[in-house]
Amino acid sequence: MQDQVCHVHRGKLLFLMMAGAASILLLSIGGYQLVQFSDSPTFCGLLCHRVMVPEYAAFQNSPHSRVLCASCHVGSGADYLVRSKISGIPLIFRTISGDYDRPIVTPVENLRPARETCAQCHRPERFAGDLVVTKTTYAADQTNTVHSDTRIMRVGGGPSHVAQGIHWHIQATVDYLALDRQRNDIAWVEVKGLDGSSTVFTDTAQTASVTPDKIRDEKRTMDCIDCHNRATHVFNSPETLIDQAFLQGQLDTDLPYLKQQGILALDPAAPTIAEAYARVDAIKDFYKTKYPKIYQENLNSIDSAVQVMKGIVDLTNFPDMQVTWKTYPSKATHEGCFRCHGKLTAQNGPDKGKLISSDCELCHYFKGNQ
Ligand code: HEC
Ligand code: HEC
Ligand code: HEC
Ligand code: HEC
Ligand code: HEC
């Protein structure tokens, strides 16, 4: 039983354990300031949570790099401090003995609720209107041809009674039941209206698996993390990171086939970092043999391209934890939305019998390609 509990809560326990045992040690030798340090991202990510190096690397590169690990994972206040630190002790032994999941399993059970974390800084009722997103990509061709697409996301939001668009889900009350741990296989959804009405949507192929007991015990109310599960630990693909590096001028578009060579070196992930770096180093040989003149004239930019690609290895490949950019997919994507949209059918209400819309224009519209 104890073991089962540990397994289920491991994501959270890992936090508690290391922060916990270590801070008691620190408290006894160094007092409160050291304990505070044990809650800092550097400590969490590097020293004590060695196993969390992937999350730390992804976090440092994210919009939330200044937010403390503990403010989302543990909680603040003396009560939380004592609870989380003390419950950590037994688990430090498991880390030392290497007895933890690789990769760490998500979803993290008992993550602090979004309204206590995300909503401290983001106020959903404030969101309004459309968000223009421009994505710049580079082709895997000789000239690394640049291409930009602009789409306008109907983020919407606003106070509950008028909320619309994508952030409508958090202003309304949307409960759902998933049949798998990863919450990908959603079979039942209920939307509660402000007037007390209820509309139920189900996956007609799975009605047998959806029982009232299961709904009562396992349903979850949709919040930020049901879409933004990767707001902080963003694991971008090598392709995306190469595109970003071109866009920021860190990679030279004049080097023929640089995008193509980068992808060949970085995807799929290598079994060890040494091998990943060796594959990246081989990009030099490509230019030396295929483009000797360009190689001679651009030694510096080829060298720096190799360095940039090694940086990308460090953000995409964590062999010790068996983590790559594919391990923790984001749900703020088509895969995430189509868990319900285009899959579940209304069981009552004016739209009875209709699927939740998957009309392209429901979520975004496009403005001329460039
Ligand atoms: C802004 C909030 C926030 C901060 C700050 C934050 N995390 Fe997370 N963390 C999350 C969310 C959300 C998840 C994913 C939860 C899920 O899918 O169940 C997560 C998941 C994790 C996981 C499980 C593996 C994974 O990638 O899903 C680990 C380990 C982790 N975080 C470690 C850290 C460490 C170490 C830090 C500080 C360096 C940190 N977190 C800071 C919100 C945060
Ligand atoms: C301590 C304040 C703080 C907390 C807590 C916080 N955020 Fe943020 N968040 C920010 C700031 C500041 C930005 C803008 C950063 C920037 O533009 O560089 C941001 C940006 C974002 C973005 C836009 C990301 C992008 O790529 O532009 C999303 C989505 C987001 N946050 C979601 C969340 C979610 C979900 C949580 C809870 C798990 C959360 N935030 C918790 C402060 C916070
Ligand atoms: C139904 C899925 C969903 C839910 C639930 C959700 N979001 Fe979003 N959010 C999105 C999408 C999609 C975007 C558009 C940007 C993108 O494509 O990533 C977005 C955009 C954002 C942005 C950037 C907005 C801007 O104008 O720059 C922030 C910040 C954000 N969300 C925070 C939150 C917070 C905080 C919550 C919880 C209170 C939340 N979101 C709940 C899907 C969702
Ligand atoms: C758990 C199920 C679920 C998931 C996941 C989900 N939705 Fe929805 N969504 C719904 C339901 C239910 C409705 C309301 C349908 C209705 O009333 O016919 C809805 C409505 C919407 C609307 C219209 C809101 C309005 O009234 O203006 C938009 C836009 C939308 N969703 C976008 C998204 C996007 C984008 C994602 C993924 C990032 C997403 N949804 C993920 C269940 C879901
Ligand atoms: C339920 C909401 C929803 C619907 C319906 C929807 N999309 Fe999207 N779409 C999204 C979200 C969220 C993103 C942003 C995903 C991301 O950044 O990966 C997106 C991104 C895209 C992109 C950009 C992909 C990229 O890699 O940048 C294209 C193209 C696209 N959608 C096409 C379509 C088409 C065509 C349809 C109709 C068949 C459609 N979408 C229907 C939510 C939706």
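Summarised in this report is the structure supplied together with it. These figures come from a predicted structure and were not determined experimentally. (Residues numbered from 1 in each chain as written. Chains lettered and ligands numbered in written order. Predicted model: local features only at pLDDT ≥ 70, side-chain atom pairs only at ≥ 80, totals over all residues. Heavy atoms only, no water.)

**Here we look at the coordination of the iron atom of ligand 2**
Piece 1. Every protein donor of the iron atom of ligand 2 is listed here as H64 (NE2) and H122 (NE2), and their distances to the metal cover 1.9 to 2.0 Å.
Piece 2. One can describe the site at the iron atom of ligand 2 as octahedral: its six donor atoms subtend angles covering 88 to 180° at the metal. Taken as a pair, H64 in the loop between α5 (53-60) and α6 (69-73) and H122 in the loop between α9 (118-121) and β1 (131-138) lie far apart in primary sequence, 58 residues in all.
Piece 3. Its relative accessible area of 21% is what places H64 among the partly exposed residues.
Piece 4. H122 gets classed as partly exposed once you look at its relative accessible area, which sits at 40%. (Donors = N, O, S within 2.8 Å, 3.2 Å for Na, K, Ca; no water. Tetrahedral: all angles 85-135°; square planar, octahedral: opposite > 155°, others 65-115°. Helix = DSSP H or I, 4+ residues; strand = E, 2+ residues; numbered from the N terminus. Buried < 20%, exposed > 50% of the residue type's maximum accessible area, 1.4 Å probe, protein only.)

**Some details on the coordination of the iron atom of ligand 3**
Piece 1. The protein atoms that coordinate the iron atom of ligand 3 are H167 (NE2) and H228 (NE2), at distances of 2.0 Å.
Piece 2. In this structure, the iron atom of ligand 3 is coordinated by six donor atoms arranged in octahedral fashion, with angles at the metal of 87 to 178°. Highlighted residues: H167 in the loop between β2 (146-153) and α10 (168-171) and H228 in the loop between β6 (220-221) and α12 (238-247), separated in sequence by 61 residues.
Piece 3. Of the residues examined, H228 reaches a relative accessible area of 42% and is grouped as partly exposed.

**Brief notes about the pattern of salt bridges**
Piece 1. Overall, the coordinates contain 17 salt bridges when judged by the stated rule.
Piece 2. Note that R220 and D223 form a salt bridge whose closest N and O atoms lie 3.2 Å from each other.
Piece 3. Take D223: its relative accessible area is 19%, and that puts it in the buried class.
Piece 4. Salt bridges linked by common partners bring D175, K192 and K219 together as one network. (Salt bridge = Lys/Arg side-chain N within 4 Å of Asp/Glu carboxyl O.)

**Quick look at the site of ligand 4**
Piece 1. The local shell around ligand 4 holds 19 residues, among which G165, H169, C337, C340 and H341 are the closest.
Piece 2. In the model, an oxygen atom of ligand 4 is placed 2.8 Å from a nitrogen or oxygen of the G165 main chain.
Piece 3. Between ligand 4 and H169 there is a distance of 2.8 Å, counted from a nitrogen atom to a side-chain nitrogen or oxygen.
Piece 4. For the shell around ligand 4, the elements supplying multiple residues, two or more each, are α10, β4 (186-192), α17 (334-337) and α18 (360-363).
Piece 5. In terms of residue count, the dominant contributor to the shell around ligand 4 is β4 (three residues).
Piece 6. Taken together, the residues of the shell around ligand 4 break down into 13 nonpolar, five polar and one charged. (Near = heavy atom within 4 Å. Polar contact = N/O pair within 3.5 Å; in protein donor to acceptor, adjacent residues only side chain to side chain. Nonpolar A, V, L, I, M, F, W, Y, C, P; charged D, E, K, R; others polar.)

**Description of the packing of aromatic side chains**
Piece 1. Enumeration according to the criterion identifies seven aromatic pairs in this entry.
Piece 2. Where Y56 meets F59, the ring centres are 6.2 Å apart and the plane angle is 25°; that geometry is what we call stacked. Note that Y56 and F59 are positioned in helix α5 at a spacing of three residues, about one turn of the helix. Each member of the pair, Y56 together with F59, is buried.
Piece 3. By the ring-pair criterion, three or more aromatic residues cluster together here, those being F235, F318 and Y328.
Piece 4. Against the face of Y277 rests K310, its NZ or CZ located 5.5 Å from the ring centre. (Phe/Tyr/Trp six-rings, centres within 6.5 Å; stacked < 30°, edge-to-face > 60°. Lys NZ or Arg CZ within 6 Å of the ring centre and 35° of its normal.)

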